[in-house]
Each structure stands twice: as C-alpha cells, then as structure tokens.
Amino acid sequence: MEPLSENKIIMVIHGPNLNMLGKREPEVYGKATLDDINTALKETGNHLGVCVETFQSNHEGAIVDKIQEIMNSHHGLIINPGAYTHTSVAIRDALLLLSFPVVEVHLSNIYKRETFRHHSMIAGVATGQISGLGGDGYILALEYLARQCRAVVHN
Ligand code: DQA
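These remarks concern the structure in this document. Everything numeric here is computed off the predicted structure, so don't read it as measured data. (Residues numbered from 1 in each chain as written. Predicted model: local features only at pLDDT ≥ 70, side-chain atom pairs only at ≥ 80, totals over all residues. Heavy atoms only, no water.)

### Things to note about the environment of K8
Part 1: For K8, the position within the fold is in the segment before β1 (9-14).
Part 2: The class for K8 is buried, based on a relative accessible area of 4%.
Part 3: The spacing of K8 and L145 is 137 residues in sequence and 9.9 Å in space, taken between C-alpha atoms. (Helix = DSSP H or I, 4+ residues; strand = E, 2+ residues; numbered from the N terminus. Buried < 20%, exposed > 50% of the residue type's maximum accessible area, 1.4 Å probe, protein only.)

Here you go:
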C-alpha cells in the first residue's frame, strides 16, 4: 500500500501478564508469544504505511504514564489492559486525555468467561472493542486505525 505522506504512529499497549503469552493458559490465550504478536503488528504496520510502537507493563501507573506520554505525538492506540480492564478507573481516566481513536482488544471473548470479566471499565471511553478473535483482533484493530489515519490525511 502507498505510504502515508505524513508519519502516523500507532501505539500498542499490553497490560499485565501479557508478557507471559505462549506460556499462560494457552487454551484460553493461544500459543503465540507477545513477540510473535508485536512482530506481526509491525509487519502489518509497514504494509499499511503506519509506524507501530509497542509497550508492555505489569504496572497500572506505568500504563497511565505511557498514555499521557503519547497524547500529543501519536495517532491511534490499541490497548489490551489485561486484568486492569475490569478494575482501572485510572487507565479509563487517562484514555479520556486522548483525541485520537482507541481500540480495546482482548484475545479471549471476555463475555463468554467469568462474570467479573464481563464488565470493562475501558469500553465506555474506547472507540470500539474487539474481543475473542485471538491475535487477529490486534491486526484488525490496526487495519481500522490505519484506515482512520488515511481518512484524516485525505480530508
Ligand atoms: C484479557 C482478558 C482479561 O480478562 C484478562 O485478565 C487478561 C487478558 C484478554 O486478552 O483476553 O489478562 O484482556
């Protein structure tokens, strides 16, 4: 695909325990490692003409810091907040600082699982949510965000 004339940067934030992908409950989260997912995202980003940056932390405050850091420099965010999805007012509040689209991604279908996972603190402030499509969910989210970047460039 033709590269975008302006450099567009998409951040991908992975929350707690996602650094253990591949080893962690593979029957729920799949066999792919976080490196596999990040590599696929960067390759897809190259193909779509956007720059993909990735970040993982097990710490809520570090995730809040990263969201604040990108508010004036980036053009889209994919976030899988892991277990903080269900608890974090702080991450929700930080996301409200952003003026670009945010896609919440979950590898598993959180609505098919324990009831405590059915509620997302993030869903009400995200542009949209993808849940249950495994690693493909990240790629689909990236395709959507790249499309939004093109729409901004061409309007
Ligand atoms: C998860 C779902 C959360 O409930 C869980 O705590 C995770 C991963 C997912 O990707 O399916 O850590 O966000």
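### Describing the pattern of salt bridges
Part 1: Enumeration according to the criterion identifies 3 salt bridges in this entry.
Part 2: In this structure, the salt-bridge partner of K66 is E69, at a minimum N-O distance of 3.0 Å. Taken as a pair, K66 and E69 lie in helix α3 (residues 60-69) at a separation of 3 residues, close to a single helical turn.
Part 3: Residue classification places K66 among the buried positions, given a relative accessible area of 14%.
Part 4: The class for E69 is exposed, based on a relative accessible area of 53%. (Salt bridge = Lys/Arg side-chain N within 4 Å of Asp/Glu carboxyl O.)

### Structural notes on empty space enclosed by the protein
Part 1: Under the defined criterion, the tally for this structure stands at 1 cavity of 30 Å³ or more.
Part 2: Within this model, the largest cavity holds a volume of roughly 120 Å³.
Part 3: Forming the walls of the largest cavity are 14 residues, and the residues nearest its centre are Y29, N80, G82, H106 and R113.
Part 4: Residue classes in the lining of the largest cavity are distributed as 5 nonpolar, 6 polar and 3 charged. (1 Å grid on protein atoms, 1.4 Å probe; cavity = no way out; pocket = protein on both sides within 12 Å on 5 of 7 lines; lining within 4 Å. Points joined across faces, edges and corners; volume = space filled by probe spheres on them. Nonpolar A, V, L, I, M, F, W, Y, C, P; charged D, E, K, R; others polar.)

### Details of α3
Part 1: Restricting attention to buried positions, one finds in α3 the residues I63, V64, K66 and I67. Projected down its long axis, α3 carries its buried residues within an arc of 160 degrees, all on one side.
Part 2: Those residues of α3 that are buried are in contact with β1, β2 (51-56), β3 (76-80) and α4 (89-95). (Arc of directions from axis to C-beta. Contact = heavy atoms within 4.5 Å.)

### Thoughts on the site of the ligand
Part 1: Near the ligand the following residues occur: R24, Y29, N80, G82, A83, H86, H106, L107, S108, I110, R113 and R117.
Part 2: The backbone of A83 places a nitrogen or oxygen atom 3.2 Å from an oxygen atom of the ligand.
Part 3: The contact in question runs from an oxygen atom of the ligand to an N or O atom on the side chain of H106, over 2.8 Å.
Part 4: In the complex, 98% of the free accessible area of the ligand, which totals 320 Å², lies under the protein chains.
Part 5: Put simply, the ligand lies in the largest cavity.
Part 6: Along the lines of polarity and charge, the residues of the shell around the ligand split into 4 nonpolar, 5 polar and 3 charged. (Near = heavy atom within 4 Å. Polar contact = N/O pair within 3.5 Å; in protein donor to acceptor, adjacent residues only side chain to side chain. Areas by Shrake-Rupley, 256 points an atom, 1.4 Å probe, with all protein chains shown as cover. Sits in = over half its atoms within 2 Å of the grid points.)

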